[in-house]
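Observations on the model geometry
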Amino acid sequence: MFLVLLYFALPLVEVSSLPGGDRLDCVKASDQCLKEQSCSTKFRTLRQCVAGKESNFSRATGLEAKDECRSAMEALKQKSLYNCRCKRGMKKEKNCLRIYWSMYQSLQGNDLLEDSPYEPVNSRLSDIFRLAPIVSVEPVLSKGNNCLDAAKACNLNDTCKRFRSAYITPCTSSTSNEICNKRKCHKALRLFFDKVPPKHSYGMLFCSCRDVACTERRRQTIVPVCSYEDREKPNCLNLQESCKKNYICRSRLADFFTNCQPESRSVSSCLKENYADCLLAYSGLIGTVMTPNYIDSSSLSVAPWCDCSNSGNDIDECLKFLNFFQDNICLKNAIQAFGNGTDVNVWQPILPVQTTTATTTTASRLKNIGSETTNNEIPSHNDSPACANLQVILKKNISREIHEGNQSERLVLHQIMNTVVNREMFLAKV
């Protein structure tokens, strides 16, 4: 029953039962496969199929070659290699992703539905304290420049300061032919978002703003003149094709499509009901040729540096791709939730999206968390019915779980309930 609270509040424990929790990373799975002759032979056959080297098959041509490819895949489905995944920022990430796509790139269909090659990231018990901004008696609004404050906080953290300095240099230094070294800039940016804790990296990238000075600082976080902008905007489909030729870029893009998939029937407007995973996937794109950024200083709309001019008969496909960035309500809600101080896994993907009438009705009442204020204005406590609804859900479920949980669970739940009640008392006075 404790899972009920996890679904409505936040992840208190690591969820090891999620799909893929016991999967090997693809490097280890490949090493294991190579030690077994039958597995090694089938994997080598499959890689030849993917590369289109059917002429290398000793006696197989045409339909026979296709049958051999199909047979190789069916055989590998029984091996750990078939279910392998990679970890973002791991030591041999590129090699791991190369192995993954050797297995899967011939099986994928719609580009917007490619599976993510990355292992899901579970939250830790310490994340319970991140609920504080929702139930705190302190006002969420800040009178200052949140993005400037985030930059100052980064400079006070050794890790953040070191990796930020590491990308500022190549992203701003000029050479004789260009204003920066884009390749080195991108690599340094990837390291920044892979190595720096979200508390600091997200604080700079998703900070909430009330004025242009703040939003422009937020837009400049990734030094867009080098990392994002270029002389001309390429066609988005051409940029996507370029991305797919790089293992890391293709993987980060697939991860973004997987974890930021909008869903109108869900409470959060995200298919996976998980803002944290969406923000992680979005930040993972920064430092690739698909690097996104805020389009301007007046909204939360983002996009890669591309457009749909010269799309010809593919205009609809191009616009669909571009709109996944620009008009993605799941991503916008996730960014706004972080900026408002509610960057918690409120929507834990333990339960699937429900399609029953009762759940749909509930979703229609509560899905306005962040979506009613898609501009940069941060709603005040008194103007946020979504937060009030969330508190009602929290109190109801916490009360039940207090009676059913064990001693350690009850202690934590009592603390949460007290903060919820204290917050209500505070708001009643203002």
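Residues numbered from 1 in each chain as written. Predicted model: local features only at pLDDT ≥ 70, side-chain atom pairs only at ≥ 80, totals over all residues. Heavy atoms only, no water.

**Looking at the overall build of the protein**
When helices and strands are counted, the protein shows 20 helices and two strands. Counting the 430 residues in the protein, one finds 48% classified as buried. Put simply, of all contacts in the protein between residues at least 6 apart along the chain, 74% involve residues at least 24 apart. Approximately 21600 Å² of the protein is accessible, and the part contributed by carbon and sulfur atoms is 51%. (Helix = DSSP H or I, 4+ residues; strand = E, 2+ residues; numbered from the N terminus. Buried < 20%, exposed > 50% of the residue type's maximum accessible area, 1.4 Å probe, protein only. Contact = heavy atoms within 4.5 Å. Areas by Shrake-Rupley, 256 points an atom, 1.4 Å probe, with all protein chains shown as cover.)

**Some points on the nonpolar core**
Among the nonpolar cores identified, the biggest contains 57 residues, and Phe206, Phe256 and Met290 are the most heavily contacted of them. Dropping the residues within four chain positions of it, Phe206 is found in contact with Arg218, Leu279, Tyr282, Tyr294, Ile335, Phe338 and Gly339. With 24 residues, the next largest nonpolar core counts Val27, Ala29, Ala72 and Ile99 among its residues. (Core = buried A, V, L, I, M, F, W, Y, C linked by side-chain atoms within 4.5 Å.)

**Some points on the side chain of His200**
With respect to the secondary-structure elements, His200 resides in helix H10 (residues 198-205). Within the structure, His200 has its side chain in polar contact with the side chain of Asn157 (distance 3.4 Å). Here His200 is in contact with Ala153, Cys154, Asn157 and Cys160, once residues within four sequence places are set aside. (Polar contact = N/O pair within 3.5 Å; in protein donor to acceptor, adjacent residues only side chain to side chain.)

**Comments concerning the UniProt feature "glycosylation site" (unreviewed entry) in the protein**
The UniProt entry lists Asn340 and Asn397 under the feature "glycosylation site" (unreviewed entry), expressed in the numbering used here. Structurally, Asn340 can be placed in the loop between helix H17 (329-339) and helix H18 (357-366). (UniProt positions renumbered as here; feature names shortened; annotations may be inferred.)

**Things to note about the layout of surface pockets**
It is the rolling of a water-molecule-sized probe over the atoms that shows where space remains empty. The computed volume of the second largest pocket comes to approximately 510 Å³. Lining the second largest pocket are 21 residues, with Glu93, Lys94, Lys187, Arg190 and Ile248 positioned closest to its centre. Mapped onto the lining of the second largest pocket, the elements with two or more residues apiece are helix H5 (93-104), helix H9 (182-195) and helix H14 (247-259). A per-class count over the lining of the second largest pocket returns five nonpolar, five polar and eleven charged. (1 Å grid on protein atoms, 1.4 Å probe; cavity = no way out; pocket = protein on both sides within 12 Å on 5 of 7 lines; lining within 4 Å. Points joined across faces, edges and corners; volume = space filled by probe spheres on them. Nonpolar A, V, L, I, M, F, W, Y, C, P; charged D, E, K, R; others polar.)

**What to know about the pattern of salt bridges**
A complete count under the given rule lists nine salt bridges for this structure. The partner of Glu93 in a salt bridge is Arg252, with the nearest N and O atoms 3.0 Å apart. Pair noted here: Glu93 is in helix H5 and Arg252 is in helix H14, with a separation of 159 residues, a long-range link. In this structure, Arg219 engages Glu216 in a salt bridge whose closest nitrogen and oxygen atoms are separated by 3.4 Å. Linking Arg219 with Glu216, this pair stays in helix H11 (residues 212-219), spanning three residues, or about one helical turn. On the accessibility criterion, Arg219 (13% relative accessible area) is buried. Residue Glu216 is classed as partly exposed on the basis of its relative accessible area of 25%. (Salt bridge = Lys/Arg side-chain N within 4 Å of Asp/Glu carboxyl O.)

**A word on the state of the cysteines**
Inspection of the entire model under this criterion finds 14 disulfides. Put simply, Cys49 and Cys69 are joined by a disulfide, and their sulfur atoms are 2.0 Å apart. With the S-S dihedral at roughly -95 degrees, the linkage between Cys49 and Cys69 falls on the left-handed side. Pair noted here: Cys49 is in helix H3 (residues 37-51) and Cys69 is in helix H4 (residues 63-76), with a separation of 20 residues, a long-range link. Each member of the pair, Cys49 as well as Cys69, is classed as buried. Sulfur-sulfur distance for the disulfide between Cys209 and Cys214 comes to 2.1 Å. The disulfide joining Cys209 to Cys214 has a torsion of about -65 degrees about its S-S bond and is therefore left-handed. The pair formed by Cys209 and Cys214 is uniform in burial state, with each residue classed as buried. (Disulfide = S-S within 2.5 Å.)

**Focus: helix H8 (residues 158-172)**
In a regular helix each residue adds 1.5 Å, so 15 residues correspond to 21 Å; H8 covers 21 Å between its end C-alpha atoms and thus fits that length. Every buried residue belonging to H8 is among Cys160, Phe163, Arg164, Tyr167, Pro170 and Cys171, and all of these are buried. Relative to the axis of H8, the buried residues are bounded by an arc of 140 degrees and lie together on one face. In H8, the exposed positions angled more than 90 degrees off the buried face are occupied by Asp158 and Arg162. Those residues of H8 that are buried lie in contact with helix H7 (146-155), H9, H10 and helix H12 (224-227). Residue Asn157 occupies the N-cap position of H8, its side-chain oxygen lying 3.1 Å from the main-chain nitrogen of Thr159. (Expected span 1.5 Å × (residues − 1). Arc of directions from axis to C-beta.)

**Things to note about helix H2 (residues 26-34)**
All buried positions along H2 are accounted for by Cys26, Val27, Ala29, Ser30 and Cys33. An end-on view of H2 places all buried positions within 165 degrees of arc, on one side of the element. The N-capping residue of H2, defined by a side-chain oxygen 2.9 Å from the backbone nitrogen of Val27, is Asp25.

**A look at the packing of H8 against H9**
Between H8 and H9, the shortest axis-to-axis distance is 8 Å and the interhelical angle comes to 165 degrees. Relative to H9, the element H8 is oriented roughly antiparallel. For the element pair H8 and H9, the recorded crossing hand is left-handed. Each of Thr159, Cys160, Phe163, Arg164, Ala166, Tyr167, Pro170 and Cys171 in H8 lies in contact with H9, whose residues at this interface are Lys184, Cys185, Ala188, Leu189, Leu191, Phe192 and Lys195. Split into classes, the residues belonging to the contact of H8 with H9 amount to eleven nonpolar, one polar and three charged. (Axes fitted to C-alpha atoms, helices over the stretch in contact; angles between N-to-C directions. Parallel < 35°, antiparallel > 145°, perpendicular 65-115°, else oblique. Left-handed = near helix turned anticlockwise from the far one by under 90°.)

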